[in-house]
Amino acid sequence: MKVLKRYANRRLYDPETSKTITLEDVAEMIIAGSEIKVVDNMTGQDITPKILGQTFLKVSLGQRNEEFSNYMLSALIRETGKNISALFGRLVLGGIGLAYLTREKMDKILQSMVALGELKLEEVKSYREDLLTHLAHRASENREQIQEELKKVGRELEDGGEKGLAVEDFSEKIRKIAEQVRDKDSI
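Residues numbered from 1 in each chain as written. Predicted model: local features only at pLDDT ≥ 70, side-chain atom pairs only at ≥ 80, totals over all residues. Heavy atoms only, no water.

Colleague: With reference to specific residues and values, describe the overall build of the chain.
Modeller: In terms of helices and strands, the chain carries seven helices and four strands. Walking the chain from its N terminus toward its C terminus, one meets helices and strands in the order β-β-β-α-β-α-α-α-α-α-α. Buried positions account for 23% of the 187 residues belonging to the chain. Element-wise, carbon and sulfur atoms account for 54% of the exposed surface of the chain, whose accessible area totals about 13200 Å². (Helix = DSSP H or I, 4+ residues; strand = E, 2+ residues; numbered from the N terminus. Buried < 20%, exposed > 50% of the residue type's maximum accessible area, 1.4 Å probe, protein only. Areas by Shrake-Rupley, 256 points an atom, 1.4 Å probe, with all protein chains shown as cover.)

Colleague: Explain the pairing of strand β1 (residues 2–6) to me, using residue names and the numbers behind them.
Modeller: Side chains K2, L4 and R6 of β1 all project onto a buried face; the interleaved residues V3 and K5 project onto a face where none is buried. Judged from the five bridges that link them, β1 and strand β4 (residues 36–40) form a sheet pairing that is parallel. The partner of R6 across the bridge, within β4, is D40. Judged from the two bridges that link them, β1 and strand β2 (residues 12–14) form a sheet pairing that is antiparallel. Looking across to β2, one finds that K5 is bridged to Y13. (Pairing = 2+ DSSP bridges.)

Colleague: Kindly report on the environment of T22, identifying the contributing residues and their values.
Modeller: On the secondary structure map, T22 appears in the loop between β3 (19–21) and α1 (23–31). Relative accessible area serves as the criterion here: at 38%, T22 is assigned to the partly exposed category. Separated by eleven residues in the primary sequence, T22 and R11 place their C-alpha atoms 7.7 Å from one another. Reaching out from T22, the side chain makes a polar contact with the side chain of E24 at a distance of 3.3 Å. (Polar contact = N/O pair within 3.5 Å; in protein donor to acceptor, adjacent residues only side chain to side chain.)

These results come straight from atomic positions and should not be treated as a statement about function.
Put into structure tokens, the structure is as follows:
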């Protein structure tokens, strides 16, 4: 985990590189897969949620899609005002952030849900198992679909050789299947 500091002048500082960084830099770290923690240098308080919120706003507004930003933030506010455990389940099953969700991180999130009264301690095990069962089922469906597409390409290769089709056509199909595999690996 990368620890950043925020100073009184509201500048962010990376002690590892001894450099001041921007919210765009924070976004790049996160996109690259780094986990961050931001600490207020004077108080020692963890202000990570505040900085992540500011980073999201900066990045999403920088894409000049204000409608999306407004929709996303409004939806998150509405959803977090209700049932966080249901929202977490939908995010995980939707594949959002799944590539970076470790068992330890999931356990911490579930513990915080218990502490906030969103989830009962005796429900944690079944909640986790339900999520993992749904994920395994989805992965199995994705694997079957990809296998069918590969078989189809194999049949087309056999037929194409007889018809004199270009290897480039098949290369493009295989590239598209590889993209699907990559996209579905995150689900």
